[in-house]
Each structure stands twice: as structure tokens, then as C-alpha cells.
Amino acid sequence: MLAYKKIPAPGACVILADGRFPVNETPLEYLRKATFTIACDGAADALLSYGLKPDIVIGDLDSVSEQSKSILKDRLVKVHDQETNDLTKAVRFALTKGFKQVVILGASGKREDHTLGNMGLLFEYCKQLDVTMISDYGIYLPLIKSSGLVVQTGQQISIFGNKYDARLDSRGLKYPLNHLQLTNWWMGTLNEAENDKIEIRFDKGEVLVGLIFMNGK
């Protein structure tokens with residue numbers, strides 16, 4: 001029997017990427033209640049404008065305003081590595097601080113190529129810690145093995161696989177996945193939870209599950 005994973009409660013370490021700053025109350029609650037906040041480069045400006053200070057600002061620091069650098073001068077961590085992005089630098093920093101659970105905000109909403117890249121990176125991050133991405137429109141959970149999830153009854157759910165030859169099965173979904181091959185990204189979208197627990201089983205690859213907010217939250 002699968003162990004069921006729950007969405008983390010507000011209070012985890014939060015990484016704020018330099019995408020669109022959240023406006024939905026759900027990600028904003030995570031931001032306000034974070035035990036530790038890491039801002040990716042220019043995200044520090046947006047966070048200060050919101051009235052909060054990050055514990056750390058990390059990246060090349062070429063997108064942070066001089067005013068923010070002055071305010072946060074004791075919290076700047078410059079990393080020159082051009083082989084990876086600022087979000088990955090932030091995740092690596094969180095690992096060095098001993099965090100086992102991270103919530104990523106602000107990783108979408110601007111450039112689509114950055115959004116897709118950040119979502120793809122979730123599969124790398126989840127091999128090292130418990131990671132969740134939250135946007136203004138939903139919560140995204142990467143799975144590297146068959147898993148159960150605690151959700152809301154009626155929750156809108158979309159599922160994306162990164163291996164076309166992988167076969168998926170499900171329990172608790174309105175439209176069951178019966179040994180289904182997701183040969184295109186749209187095929188696992190627009191599903192719905194019939195109760196508060198679902199199961200996603202697959203034989204290879206990784207799966208990204210999107211829990212879409214109902215009525216905007």
C-alpha cells in the first residue's frame with residue numbers, strides 16, 4: 001500500500017524565484033509564514049516592495065537594485081556559476097542549511113521557457129528534498145515513484161509524464177488512468193479527484209501532478 005503525501009503546511013523554507021510575484025492568497029500565506037526565505041536575485045526587490053525581507057539573496061546579483069543591495073548587504077550570496085540557474089543555486093543553498101522541505105514560489109508567470117525549465121528541474125530537486133511549487137493557479141508536486149496524495153474532493157488535477165513509454169494507473173480520479181501512455185502533455189490534464197485521496201502508479205520515469213486551485217484558491 002502506498003504512503004500518502006500531504007501538501008506541506010505554511011511554515012517551510014520558501015524560495016522566491018524572479019518570476020511573477022504571487023497575488024493569490026495561498027502562495028502569499030506561504031511567503032508570510034516562511035521559517036526561512038531565499039530570494040533569487042531580482043526577486044529581492046519584489047519581496048521588499050511587499051514589505052518582507054529575505055533571509056538570503058542568492059544569484060549573480062545583477063538583477064537586484066542598488067537600493068535593495070544596500071538594505072540587504074549582510075544577506076547577499078553571490079554565486080558566479082553560469083552552468084545553472086538562480087533557482088538551483090537557491091535549492092543547493094537550502095540543502096547546505098539542512099532544510100529537507102522547500103516550497104518554491106514565483107517560478108512562473110513571465111517567460112514561458114523559464115516556467116517550463118523550472119518545472120522540469122523539480123524532478124532533479126525532489127531526489128534531494130521534499131519540494132513543492134506553488135503558483136497563483138495551483139500546486140505542483142513532482143513524483144519519482146508511484147505515490148498517493150491527500151487532496152480535496154472535487155480537486156481539479158492535471159498529470160504530466162516525461163516518459164512516453166511509461167504507463168500510468170490511478171485510483172480516486174473521475175477519469176481513471178488505466179495503463180495509459182501519456183504520449184502528449186495534454187493527455188493527463190483536466191481530471192478531478194472523486195475523494196480526498198488519490199493514487200498515481202507508474203512503471204518508469206517521473207510524473208508532475210498539478211492540483212489546480214478551485215475558485216481561485
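Our subject in this report is the structure included herewith. (Residues numbered from 1 in each chain as written. Predicted model: local features only at pLDDT ≥ 70, side-chain atom pairs only at ≥ 80, totals over all residues. Heavy atoms only, no water.)

Description of helix H1 (residues 25–32)
Thought 1: By the burial criterion, the buried members of H1 are Thr26, Pro27, Leu28, Tyr30 and Leu31.
Thought 2: The N-cap residue of H1 is Asn24: its side-chain oxygen and the backbone nitrogen of Thr26 are 2.7 Å apart. (Buried < 20%, exposed > 50% of the residue type's maximum accessible area, 1.4 Å probe, protein only. Helix = DSSP H or I, 4+ residues; strand = E, 2+ residues; numbered from the N terminus. Polar contact = N/O pair within 3.5 Å; in protein donor to acceptor, adjacent residues only side chain to side chain.)

Observations regarding a nonpolar patch on the surface
Thought 1: Together, Leu116, Tyr164 and Trp185 make up a nonpolar patch on the protein surface, roughly 370 Å² of accessible area in all.
Thought 2: Counting through the fold element by element, Leu116 comes out in helix H5 (residues 112–125). (Patch = residues over 30% accessible without salt bridge, like charges linked within 9 Å, V, L, I, M, F, W, Y side chains within 5 Å. Areas by Shrake-Rupley, 256 points an atom, 1.4 Å probe, with all protein chains shown as cover. Salt bridge = Lys/Arg side-chain N within 4 Å of Asp/Glu carboxyl O.)

Details of the pairing of strand E10 (residues 156–161)
Thought 1: The pairing of E10 with strand E13 (residues 191–192) spans two bridges and is classified as antiparallel. In the strand pairing of E13, Ile157 is matched with Asn191.
Thought 2: As paired strands, E10 and strand E15 (residues 207–212) are joined by six bridges and run antiparallel to one another. When the sheet's bridge partners are listed, Ile159 is paired in E15 with Val209. (Pairing = 2+ DSSP bridges.)

Side note on the nonpolar core
Thought 1: With 39 residues, the main nonpolar core has Leu105, Ile157, Ile159, Leu168, Ile198, Ile200 and Val209 as its most contacted residues.
Thought 2: At the level of elements, strand E2 (13–16), H1, helix H2 (43–50), strand E6 (101–105), strand E8 (138–143), E10, strand E14 (197–202) and E15 are the ones that each hand at least two residues to this core.
Thought 3: For Ile200, the residues in contact, after removing those within four places along its chain, are Leu2, Leu143, Ser146, Ser147, Ile159, Leu168, Asp169, Ser170, Leu173, Val207 and Val209.
Thought 4: In terms of nonpolar packing, the next biggest core, distinct from the first, is built from 27 residues, Phe93, Val102, Met119 and Met133 among them. (Core = buried A, V, L, I, M, F, W, Y, C linked by side-chain atoms within 4.5 Å. Contact = heavy atoms within 4.5 Å.)

Here's the deal with the environment of Phe123
Thought 1: As for its placement among the helices and strands, Phe123 is situated in helix H5.
Thought 2: The exposure class of Phe123 is buried, given its relative accessible area of 11%.
Thought 3: Considered as a pair, Phe123 and Tyr50 are 73 residues apart in the sequence and their alpha carbons are 30 Å apart.
Thought 4: Apart from the residues lying within four places of it in its own chain, the contact partners of Phe123 are Pro142, Leu143, Ile144, Asn162, Glu206, Val207 and Leu208.

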